[in-house]
Amino acid sequence: MFKPLQSLLRPIFLRLESGVDWLVGPGANPLYHLGALTFFFFWIVAATGLYLFIPYETSVATVYQSVEKITHEQWYFSGVMRSLHRYGSDAMVVTTMVHLTREFAFDRFSGARWFAWITGVPLLAFLFTSGITGYWLVWDMLAQYLAVGSLEWVDWFGIFGESTARNFLFRGFLTDRFFTLLIFIHIFVPLFLLIVMFVHIIRISRPGVNPPKLLAWGTFLMLLALSFVFPATSHGPADLGVEPAVLNLDWFYMFLYPVFDNWGPAKLWALVAVVAVALFVMPWLQFKKRPAAAEVHLDQCNGCTRCTLDCPFGAVVMINRTDGRPFAREAKVDPDICTACGICVGSCPTSTPFRSAAQLATGIDLPGLPLVALKEKVVAAMDRLNGGPATVIVFGCEHGVDAASLEGEGVASVTVPCTGMIPPPFVDFILSDGGADGVLLTGCRPGDCFHRLGPRWTDARMTGAREPALRDRVPRERVRTAWASPDQPNKLKAEMAAFRADLAALEASAVAPPKKEAAHA
Amino acid sequence: MLDFGFLKTVRPRHFLGQALIYLGTAAFIAWLSAHPTYTRLAPDQGVLKLSLTHAGQRAEPCHERTPEELAKLPPNMRAKMSCSRARLPVTLEMDLNGKTIFRETAAPAGLSKDGNSRFYHRYVLPAGAHRLAVRLRDGRGPAFDYTAERDVIVQPGKIMVIDFINDKGQFIFLGV
């Protein structure tokens, strides 16, 4: 249903990510850490807000002057804190909206991800309410415009006995209690925002809530420099006898106010309601058949916990043993959360092809691509290799460059849901059995993995940094990982060419493993 | 203790790239946080707000309870007068320079229809002299119970308010 729009957005994001990768390096690409950056900006806004609360006065007569003092008298500190508070909030909107659009573009909002998506909807409401109420606190002409406009909008419902906008009807109508109330709102709404942010990521294993240091320092210094160069200032003081006429809106937060001026409250409520409902129901409008969730085979499971540790969505949990076997724990899959990526299969120490077909079983398996079928695909790929120097088996995923596009003389491919599904013994199996001269594992870029952790775990397993690790006997120079997004087929082809050239050089130096004829059959 | 060891792993090109990215992002944030300017009122316009809250008369008149009716009530509730809570709707009209530009009947607020009827409307008017007439009906009769008429000068950029003081039963014109 959303494919046309996704097809439009996806190449834009992929090219943008590639460009930013080249510019700043994948480790500091903000597009891969949008959620973490949102958390980071929240903490900046929270810390500066706590400071600003101290000199802020809540009397209607002095509130504006207190903000002016904050801004101008101690511009080099308090003024900078105010600017950081504002620009940090703006940056939050930027990262949130790009994050939302990106997750939509890459189809990461339905299936098991519905929960993160729909908890993001109230998050938007809390974010905008936090920002708008913050602008009220300044009590300048902009604040007056926002206060009157917001309450006229809310009053359309008629849920309050009196019209709340009448509190701002004319000079003398507003009392000191308003700002006391407002500051409570401006503290508690962001607190709710923070709670919902944590709920938003609760179903994700190892969520990124802290950006890489380079990115954190870079964005912080960016906001700091911005605060010095363009310090946040106020409009003239609010005057309920004067209509705010010319305003410098913060368009990140206030884009709906001109719409309100032109459409009136009813149409704007209708628009907001339609957008909110559409966002809420989007995960169920995909009409895609969800792949069957992973299944635990207790006769093979010894409760080692690796699948639990590696699952990117926390879909595998350990529970007390139910089958009487002499192990304390066993794995259990929550099918509602499982994305059927197969990373658990790759993490299971029993996922090994070094068994006969009759014995081939694993502790946790994908019904859509069981271990037996995976071995068959690998064996078929090895059979397809039609000789030539530097033969390579490529493991690819369903979301990166199509691995089949690399097939040709001396190259055969196997595609799995996520490259993290490949158990290291399969690489061992191919190389020690003489099935190929090298194994290339490819898939989405690490910051862009559809299943979040595929490249990370694959790299760690192949380098021996994470269990199950590739065995020591496997020559590492014959195993390579090359991550590329779907718009980088040429990059992958170049990686493949370089890998095969290296393999050919190895052959030439006569350290190639002895080839066996059809030993894998 | 701050650890800047991570900087050793960054290529010089990436520092330059980061600077470019942050510069672009900062410019985007700085610009959109205050630009483009939004003009919502022309220099020769002012604003009139017609806003009041007023309770209509009782939907049913009060009546004195008979001794029999009083006897049926619990001792602590034996008030002599019985009055229904519900109020009548209120009708408000306003003429600008002899032409009726507002006419609305507002129902009383509350589930029991016992609250105030309320009105809140904002008009952008050309600055200058205008003649305003307002009329309010809160009872059953066809005639308006309260009226006011006044020549006003709308000041550019200023707000004028028409309100109703319930205690005094009269309209007020603020900011005239």
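Coordinates for the structure precede this section.
Residues numbered from 1 in each chain as written. Chains lettered and ligands numbered in written order. Predicted model: local features only at pLDDT ≥ 70, side-chain atom pairs only at ≥ 80, totals over all residues. Heavy atoms only, no water.

## With respect to the pattern of salt bridges
To be explicit about the condition: Take a side-chain nitrogen of Lys or Arg and a carboxyl oxygen of Asp or Glu: if they are within 4 Å of each other, that pair is a salt bridge. Every helix listed is a DSSP run of H or I at least four residues long, and every strand listed is a run of E at least two residues long, numbered separately from the N terminus. Between buried and exposed lies partly exposed: a residue is buried under 20% and exposed over 50% of the maximum accessible area for its type, with that area taken using a 1.4 Å probe on protein chains only.
Applying the stated rule across the entire model yields 29 salt bridges over all chains. Across the pair Arg108 of chain A and Asp448 of chain A runs a salt bridge whose closest N-O atoms are separated by 3.7 Å. With Arg108 of chain A in the loop between helix H4 (75–105) and helix H5 (114–138) and Asp448 of chain A in the loop between strand E8 (438–443) and helix H16 (454–462), the pair connects residues that are 340 residues apart, well separated along the chain. By relative accessible area, Arg108 of chain A is classed as buried at 8%. Among the salt bridges present, the one from Arg85 of chain B reaches Asp114 of chain B, with a minimum N-O distance of 2.6 Å. Of this pair, Arg85 of chain B sits in the loop between strand E4 (81–82) and strand E5 (90–96) while Asp114 of chain B sits in the loop between strand E6 (99–106) and strand E7 (117–126), and the two are 29 residues apart along the sequence. Judged by its relative accessible area of 29%, Asp114 of chain B falls in the partly exposed class.

## Examining the packing of aromatic side chains
Residues and elements named next belong to chain A. Rules: Stacked, tilted and edge-to-face are the three classes assigned to paired rings of Phe, Tyr and Trp, where Trp is represented by its six-membered ring and a pair needs centres within 6.5 Å; plane angles under 30 degrees give stacked, over 60 edge-to-face, the rest tilted.
One pass over the structure, following the stated rule, counts 34 aromatic pairs over all chains. Both rings, one in Phe126 and one in Phe192, keep their centres 6.0 Å apart while their planes meet at 20 degrees; by these two values the pair is stacked. Here Phe126, found in helix H5, pairs with Phe192, found in helix H7 (residues 177–200); they are 66 residues apart in sequence, far enough to count as distant. Residue class for Phe126 comes out partly exposed when judged on its relative accessible area of 24%. Take Phe192: its relative accessible area is 45%, and that puts it in the partly exposed class. Relative to Trp269, the ring of Phe157 lies with its centre 4.6 Å away and its plane at 55 degrees, an arrangement referred to as tilted. With Phe157 in the loop between helix H6 (141–155) and H7 and Trp269 in helix H11 (residues 265–281), this residue pair connects regions lying 112 residues apart in the sequence. Under the relative-accessibility criterion, Phe157 is labelled partly exposed at 45%.

## Some remarks on the sheet that holds E6 of chain B
Residues and elements named next belong to chain B. Formally: At least two bridges found by DSSP between two strands are what make those strands a pair. Fitting a line to C-alpha atoms yields each axis, with helices limited to the stretch in contact; the angle taken between N-to-C directions then spans 0 to 180 degrees.
Taken in spatial order, the four strands line up as E6-E5-E8-E9 in an open sheet, and their pairing is antiparallel. The open sheet is flanked by E6 and strand E9 (146–154), the only strands paired with a single partner. Going from strand to strand, the sheet's axes swing by 15 degrees on average, the running direction of each strand aside. Examined bridge by bridge, E5 and E6 share seven bridges and lie antiparallel to one another. Bridged to Asp95 within E6 is Thr100.

## Brief notes about unusual backbone geometry
Glu467 of chain A connects to Pro468 of chain A through a cis peptide bond whose omega is -5 degrees. The residue after His35 of chain B, namely Pro36 of chain B, is reached through a cis peptide bond having omega -5 degrees. One non-glycine residue, Trp139 of chain A, lies in the positive phi region at around 55 degrees. By the element assignment, Trp139 of chain A lies in the loop between H5 and H6.

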